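Results of the structural survey
Spelled out, the chains give:
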Amino acid sequence: MSVLKFTPKQFDDFVSTLLKTGRPVMAPQAKNGRFAFGPLASAADLRLDYDVTILPPKKYVLPQVETLLEFEVCGPCRSVQEGEPMILLGVHPYDLAAILQMDELFRQGQYDKHYMDRRCQITIIALDVVTPSANVFASSMGTATVTSGYDILLTVLKDGSILADAATAKGQELIRLAGSAVPASEADLLARKAVWEHNNAVLNKHILLCKPSLLPKVLEQSYNHPVWEEKARLCYSCGSCNQVCPTCYCFDVQDRVNWDLKTGYRFRAWDGCLLENFATVAGNHNFRKDRAARYRHRLYRKGKYVPEKIGGQIACVGCGRCISACTAKIANPVEVYNRLLQDTKLG
Ligand code: SF4
Ligand code: SF4
C-alpha cells in the first residue's frame, strides 16, 4: 500500500475512528507539564509534538506488575495470560528500537510466552520525533529514525500534514480506516526524507565520540577504571535510572498467598540493578553489595553484556530519560563512555 497523506483534521478523524475499534489506544498526552503514555479518550488529547514521555511505552509490553500464574496451595496451578489487543500510538523510533531489542531477548533461549503473547496483540504506530527532548542522544546511538519494526510509521511534515506508512498486515488493516486521506506525492516523500535527515542529525544533545559498536571493546578494557567509584560515591541507589529506561527489562518473581490461605498467585514486577538488594539471593547473600559494582554493572549491561546476546546492538537507545531522572546527575551514559574511550585510547 502506498504512503497516505492526512491533513491535521483528517488525522483527527482517523484517530477518532481508531478509538471506535473497541481496542484500547495508548498514546502520549500532557501530564503535569510533561508527557505520559496513557489510554486515549479523545483525538484532541493526543500530542504528536511530545518530546519524551516520563516512562517509555515498554510498560505496555512488559507491565510494571504482571500475574504469571494462579495456584492452589499444595495443589495445581494454571498459567495466566493478561494481554489484550491494543493500539500503541505515537511510539518514537528510539523507544521502538528498545521494544524490538526486548522482543529478541524474550524470544531467544527460554521463550517467554507471557511477553510474546502480549506483544503479538499490540499494533505499534510509530511516530518520527517532532520536538527533541533536552537530553536525547538517539542520533549518536543510531536510533533517531527507524526503517522497520513498526506496523505504521507517522511522519509530521513541516507544513503540518501527516504521512502514514503501513508496513505490515496489522498496519494495513488499520490504515483502511483512513477515510479521506490521499496518496502521498513524490514531493511529500522528499519532505519526509528531509525530516529523517534532520532527526538523524539533531537528536544529539550529548555526543558519543565513537561508533556505538566500539563500546563493548572499550568496556572490555575498563573494568577497574576509577570512574565507577567516583560516580557511585554520589549514587543514592534509588533505581530511577533503571525504572525510566526503555531497555531495562529485569524483573523479580514472587508468590503471594491470598487471604483464604488456600489459593495464591505468582507475579513478576520491575526490578533495577542499581537497587541495593537487586542481587540478594537465598540465604540473604548479596553478590553485588558494592555500589560502584552496581553502577558499573548498569553501564556494562547496556554497552557489553546485552549486545553480546543480540547481535551487537547497544542496549542504550539514547532516549536521555536516565539523565533527566537522576537527581545526583551521574547517570549520563555518554559522559562515562566518552571518558572511558579517551582513557583506553580506542577512540
Ligand atoms: S541508558 Fe538512559 S539514555 Fe540509554 S536507553 Fe536507558 S534511559 Fe535511555
Ligand atoms: S538515578 Fe542516579 S542516583 Fe539513582 S540509582 Fe541511578 S545513578 Fe544512582
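Residues numbered from 1 in each chain as written. Chains lettered and ligands numbered in written order. Predicted model: local features only at pLDDT ≥ 70, side-chain atom pairs only at ≥ 80, totals over all residues. Heavy atoms only, no water.

Structural notes on the overall build of the chain
The helix and strand tally for the chain stands at 13 helices and 14 strands. Taking 347 residues into account, the globule formula puts the C-alpha radius of gyration at 20 Å, and the chain, at 21 Å, falls close to it. If you line up the chain on its principal axes, its C-alpha atoms span 65 × 60 × 40 Å. Scored against the burial criterion, the 347 residues of the chain give a buried share of 53%. Taking all contacts inside the chain whose residues are at least 6 apart in sequence as the whole, residues at least 24 apart take part in 74%. On the chain, the mean spot of the 42 positive side-chain charges and the mean spot of the 35 negative ones are 4 Å from each other. (Helix = DSSP H or I, 4+ residues; strand = E, 2+ residues; numbered from the N terminus. Rg over C-alpha atoms; globule rule 2.2 N^0.38 Å. Buried < 20%, exposed > 50% of the residue type's maximum accessible area, 1.4 Å probe, protein only. Contact = heavy atoms within 4.5 Å. Lys, Arg positive; Asp, Glu negative; His and termini not counted. Charge placed at Lys NZ, Arg CZ, Asp CG, Glu CD.)

Thoughts on the sheet that holds strand 4 (residues 65-72)
Ordered in space as 5-4-12-11, the 4 strands form an open sheet in which the pairing is antiparallel. Two strands lie at the open edges of the sheet, namely strand 5 (77-79) and strand 11 (251-257), each paired on one side alone. Each adjacent strand pair in this sheet contributes to an overall mean axis angle of 25°, direction not counted. Bridge analysis of strand 11 against strand 12 (residues 263-270) gives 7 bridges, and the strand direction is antiparallel. Paired with Gln254 across the bridge in strand 12 is Phe267. Its contacts with the sheet place helix 4 (residues 113-120) against strand 4, strand 5 and strand 12, and it is angled at close to 125° to strand 4. (Pairing = 2+ DSSP bridges. Axes fitted to C-alpha atoms, helices over the stretch in contact; angles between N-to-C directions.)

Side note on the nonpolar core
Core analysis: the largest hydrophobic core is formed by 53 residues, its most contacted members being Phe6, Phe11, Leu89 and Leu154. Setting aside anything within four residues of it in sequence, one finds Phe11 in contact with Phe6, Leu46, Leu48, Leu154 and Ile162. Core analysis: the second largest hydrophobic core is formed by 31 residues, Ala232, Cys241, Tyr295 and Ala331 among them. (Core = buried A, V, L, I, M, F, W, Y, C linked by side-chain atoms within 4.5 Å.)

What to know about the pattern of salt bridges
Here the structure, examined in full by the defined rule, presents 20 salt bridges. Between Lys5 and Asp188 there is a salt bridge, with the nearest N and O atoms lying 3.0 Å from each other. On the criterion of sequence distance, the pair formed by Lys5 in strand 1 (residues 4-6) and Asp188 in helix 7 (residues 186-202) is long-range, its members being 183 residues apart. Residue classification places Lys5 among the partly exposed positions, given a relative accessible area of 21%. Here Glu308 makes a salt bridge to Lys304, at a shortest N to O gap of 2.6 Å. (Salt bridge = Lys/Arg side-chain N within 4 Å of Asp/Glu carboxyl O.)

Structural notes on the sheet that holds strand 1
Spatial strand order, 3-2-6-7-8-9-1-10: 8 strands in an open sheet with mixed pairing. Only two strands of the sheet have a single partner each, and these edge strands are strand 3 (34-39) and strand 10 (182-183). Looking at chain direction, strand 7 (residues 122-127) and strand 8 (residues 152-156) are connected through 3 bridges and run parallel. Counterpart to Ala126 in the pairing with strand 8 is Leu153. Together, strand 6 (86-91) and strand 7 form the strand contacts of helix 3 (residues 93-107), whose direction differs from that of strand 7 by roughly 145°. Sitting on the sheet, helix 7 is in contact with strand 1, strand 8 and strand 9 (162-166), with an inclination near 85° to strand 8.

What to know about the site of ligand 1
What surrounds ligand 1 is the set Phe137, Cys245, Pro246, Arg298, Lys302, Cys316, Val317, Gly318, Cys319, Gly320, Cys322 and Pro333. In the shell around ligand 1, the residues fall into 8 nonpolar, 2 polar and 2 charged. (Near = heavy atom within 4 Å. Nonpolar A, V, L, I, M, F, W, Y, C, P; charged D, E, K, R; others polar.)

Quick notes on the environment of Gln342
With respect to the helices, strands and loops of the structure, Gln342 is situated in helix 13 (residues 333-344). Using a relative accessible area of 57% as the deciding quantity, one classes Gln342 as exposed. Taking C-alpha positions, Gln342 is 28 Å from Thr145, a pair spaced 197 residues apart along the chain.

Describing the packing of helix 11 (residues 291-309) against helix 13
Axis separation between helix 11 and helix 13 bottoms out at 11 Å; the angle between their running directions is 85°. It follows that helix 11 is roughly perpendicular to helix 13 by the angle criterion. For the pair formed by helix 11 and helix 13, the contact residues are Tyr295, Arg298, Leu299, Lys302 and Gly303 on the first element and Pro333, Val336 and Tyr337 on the second. Classifying every residue of the contact of helix 11 with helix 13 by side-chain character gives 5 nonpolar, 1 polar and 2 charged. (Parallel < 35°, antiparallel > 145°, perpendicular 65-115°, else oblique.)

Description of the pairing of strand 3
Each regular strand carries side chains that alternate between the two faces of the sheet. Relative to strand 3, strand 2 (residues 25-31) runs antiparallel, the two being bridged by 6 bridges. What sits directly across from Gln29, in strand 3, is Ala36.

What about unusual backbone geometry?
Look at Asn32: it is not a glycine, yet its phi comes out positive at around 45°. Mapped onto the secondary structure, Asn32 falls in the loop between strand 2 and strand 3. Unusually for a residue other than glycine, Asn284 sits at a positive phi of about 60°. Turning to its location among the elements, Asn284 is positioned in the loop between strand 13 (280-281) and strand 14 (285-286). Residue classification places Asn284 among the exposed residues on the basis of a relative accessible area of 67%.

As for the packing of aromatic side chains
As enumerated under the stated definition, the model contains 12 aromatic pairs in all. A centroid spacing of 5.7 Å and a plane angle of 70° characterise the contact between Phe106 and Tyr249, whose relative ring orientation is edge-to-face. Of this pair, Phe106 sits in helix 3 while Tyr249 sits in the loop between helix 10 (240-243) and strand 11; the two residues are 143 residues apart in sequence, bridging distant segments of the chain. Overall, Phe106 belongs to the buried group, its relative accessible area being 5%. Three or more aromatic residues joined by ring pairs make a cluster, and in this case those are Tyr223, Trp228, Tyr295, Tyr300 and Tyr305. Taking the ring centre of Phe251 as reference, the NZ or CZ of Arg268 above it sits at 4.6 Å. (Phe/Tyr/Trp six-rings, centres within 6.5 Å; stacked < 30°, edge-to-face > 60°. Lys NZ or Arg CZ within 6 Å of the ring centre and 35° of its normal.)

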